[in-house]
Amino acid sequence: YKPLTEIDPEVKNIIDKETWRQFTGLELIASENLTSQATMEANGSILTNKYSEGLPNARYYGGNEYVDELEILCRKRALEAFHLDPAKWGVNVQPYSGSTANFAALTALIQPNDRLMGLGLPDGGHLTHGYYTAKKKMTASSIYFQSFPYAITPDTNLIDYAGLSSQAKIFKPRLIICGASAYPRDWEYAELKKIAEREGAWLMADIAHTSGLIAAQELNNPFEYCDVVTTTTHKTLRGPRAGLIFFRKDLANSPDLEKRVNDAVFPACQGGPHNNTIAAIATSLKQAAQPEFKAYAKQVIANARTLAEALVSHGYKLQTNGTDNHLVLWDLRPIGLTGSKVEKVCDLMGITINKNAVSGDASAQVPGGIRLGTSALTSRDMKEEDIKIVADFLHRAVQLSLVLQKEAGSKLLKDFVRVATTPAEGKEGHLLVKQLRDE
Ligand code: PLP
């Protein structure tokens, strides 16, 4: 055994720098979180050495007695964390990520070229829900299936359930996907179920973003209405980077759903499971089932609401004017800024956010908003009072972006960028920031 410092100081140095960035910065990316030390320990364990294609007690390799025990434990914890009856629900814990979980779920549920409907990407949906552009079929979910997006209503920016219902009558999807990457409100699963049932379509929820909040029973429960539920494990659920697929075991017309999902994961879409990740999922699910996690999820939502209220009180416009979950979509167009400008300025300030399309954006390439999430800051134990200060920082970042935009191409801007990206010039930076503030 030799430590990483000795074997590979270059990589160790990069990890140290990233550790410093994560410790000193403010992480507001809605799809990220800070997982526990215990989860990282499991993730970095010796289990990474083992091949185990197949399922517990039915592997294509020997030596899997402990890996079998682990995968069975992980499945049990996944069902427990989401309060599911093992007689009615099963779960596959092998997907490497949310995208592969989704493609495996599509492979299990529908045939190549079958029709599916998902929330459009510009309206907050995910790439893997059938996204394509006028020029190109961008993702496997639109290359191998025919997809048609449903939308949010332009006035309220809430899901247009009536529009989806009438479009589904014409398009006749075999599968309806709900769930999103950038939708700050909760979902009406009962409404979706009615539409899916009427069309004889499967209903699948991708709860990647909100799964921690759903496990904590702080949001509507998709398991009451959906046939299949997929999730990532690294967002509000606070686990390692991976995916899960939950499937109904009690469907009279599809008693083979369990086999279809398992076969779709392996061998259709993946090879050997990443057992170190499965160990880390199991550890994080154990943590997610504790009362402390429920308190965490409540605080994530309280913090997101506080963030939304603080930004509104500064006079800014938010999509849907607020939030039900962990994320806030900030429409920057009324003040004449793009998401990418503010993202860059925030990066210079040690605040990590991401540019995001907002409803009605003319171009997805130049999104007019940013997406913020409170999962990571809440993991750092921030409460409402802290979040108000973060909102003030964001306000200052936006005001600074406006000054920089006005100064585009000027010496002031060039000096600012040079100083902001050169830590040694801190003193000069102070003067420059003072000058900007005075203006
Ligand atoms: N589904 C949704 C709703 C997501 O937001 C994401 C990622 O952001 C994914 C799936 C894909 O997850 P991964 O990046 O693990 O493939």
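Residues numbered from 1 in each chain as written. Predicted model: local features only at pLDDT ≥ 70, side-chain atom pairs only at ≥ 80, totals over all residues.

## So, the overall build of the protein chain
Here comes step 1: Along its length, the protein chain carries 17 helices and 15 strands.
Here comes step 2: Relative to its length of 439 residues, the protein chain is compact, with a C-alpha radius of gyration of 23 Å against a globular reference of 22 Å.
Here comes step 3: Seen through its C-alpha atoms, the protein chain measures out along the principal axes to roughly 70 × 65 × 40 Å.
Here comes step 4: Sorting the 439 residues of the protein chain into buried and exposed places 47% on the buried side.
Here comes step 5: Of all intrachain contacts in the protein chain linking residues separated by at least 6 positions in sequence, the fraction that spans at least 24 positions is 70%. (Helix = DSSP H or I, 4+ residues; strand = E, 2+ residues; numbered from the N terminus. Rg over C-alpha atoms; globule rule 2.2 N^0.38 Å. Buried ≥ 20, exposed ≤ 12 C-beta atoms within 10 Å, placed from the backbone. Contact = placed C-beta atoms within 7 Å.)

## Details of unusual backbone geometry
Here comes step 1: The omega torsion across Phe 266 and Pro 267 is 15°, close enough to zero to call that bond cis.
Here comes step 2: Examined against the element boundaries, Pro 267 turns out to sit in helix 10 (residues 257-269).
Here comes step 3: Within the chain, Asn 321 stands out as a residue other than glycine whose phi angle is a positive 60°.
Here comes step 4: Considering the arrangement of structural elements, one finds Asn 321 in the loop between strand 11 (317-318) and strand 12 (327-331).
Here comes step 5: Residue Asp 381 is not a glycine yet carries a positive backbone phi of 70°.
Here comes step 6: Judged by C-beta crowding, with 9 C-beta atoms within 10 Å, Asp 381 ranks as exposed.

## Some words on the packing of helix 5 (residues 98-109) against helix 10
Here comes step 1: Helix 10 packs onto helix 5 with a crossing angle of 120° between their chain directions and a minimal axis gap of 8 Å. Taken together, helix 5 and helix 10 sit at an angle that is classed as oblique. Considering the relative orientation of helix 5 and helix 10, their crossing is right-handed. Residue-level inspection shows Thr 100, Phe 103, Ala 104, Ala 105, Thr 107 and Ala 108 of helix 5 in contact with helix 10, the latter providing Arg 260, Val 261, Ala 264, Val 265, Ala 268 and Cys 269.
Here comes step 2: When grouped by side-chain class, the residues that make up the contact of helix 5 with helix 10 number nine nonpolar, two polar and one charged. (Axes fitted to C-alpha atoms, helices over the stretch in contact; angles between N-to-C directions. Parallel < 35°, antiparallel > 145°, perpendicular 65-115°, else oblique. Left-handed = near helix turned anticlockwise from the far one by under 90°. Nonpolar A, V, L, I, M, F, W, Y, C, P; charged D, E, K, R; others polar.)

## A word on the pairing of strand 15 (residues 369-373)
Here comes step 1: Counting buried positions over the five residues of strand 15 gives five, a clear majority of the element.
Here comes step 2: Side chains Gly 369, Arg 371 and Gly 373 project from strand 15 onto one buried face, and the interleaved Ile 370 and Leu 372 project onto a second face that is buried too.
Here comes step 3: As defined by bridge partners, strand 12 adjoins strand 15 across five bridges and the pair is classed as antiparallel. For Leu 329, the partnering residue across the bridge sits in strand 15 and is Arg 371.
Here comes step 4: Bridging between strand 14 (residues 354-356) and strand 15 involves three bridges; their strand directions are antiparallel. Across the sheet, Lys 355 pairs through a bridge with Ile 370, a residue of strand 15. (Pairing = 2+ DSSP bridges.)

## Notes on the UniProt feature "domain: Serine hydroxymethyltransferase-like" (unreviewed entry) in the protein chain
Here comes step 1: Feature annotation in UniProt assigns "domain: Serine hydroxymethyltransferase-like" (unreviewed entry) to the following positions: residues 4-393.
Here comes step 2: This span, residues 4-393, is 42% helix and 15% strand, and a straight line between its end C-alpha atoms measures 37 Å. (UniProt positions renumbered as here; feature names shortened; annotations may be inferred.)

## Section: the UniProt feature "modified residue: N6-(pyridoxal phosphate)lysine" (unreviewed entry) in the protein chain
Here comes step 1: In the UniProt entry, the feature "modified residue: N6-(pyridoxal phosphate)lysine" (unreviewed entry) is given for Lys 235.
Here comes step 2: By secondary structure assignment, the location of Lys 235 is in the loop between strand 9 (228-232) and strand 10 (243-248).
Here comes step 3: Leaving out residues up to four positions away in the same chain, Lys 235 has contacts with Ser 31, Asn 33, Ala 208, His 209, Ser 211 and Ser 375.

## Notes on the site of the ligand
Here comes step 1: With respect to spatial proximity, 16 residues lie near the ligand, and among them Ser 97, Gly 98, Ser 99, Ser 181 and Ala 208 are the closest.
Here comes step 2: Looking at the shell around the ligand, the element that brings in the most residues is helix 5, giving three residues.
Here comes step 3: In the shell around the ligand, the residues fall into two nonpolar, 12 polar and two charged. (Near = placed C-beta within 6 Å.)

## Side note on the packing of helix 4 (residues 65-81) against helix 11 (residues 275-288)
Here comes step 1: Relative to each other, helix 4 and helix 11 sit at 35°, their axes nearing to 9 Å. Of the two possible hands of crossing, helix 4 and helix 11 adopt the one that is left-handed. Contact residues: Val 67, Leu 70, Glu 71, Leu 73, Cys 74, Arg 77, Ala 78 and Ala 81 in helix 4; Asn 275, Ile 278, Ala 279, Ile 281, Ala 282, Leu 285, Lys 286 and Ala 288 in helix 11.
Here comes step 2: Tallied by class, the residues present in the contact of helix 4 with helix 11 amount to 12 nonpolar, one polar and three charged.

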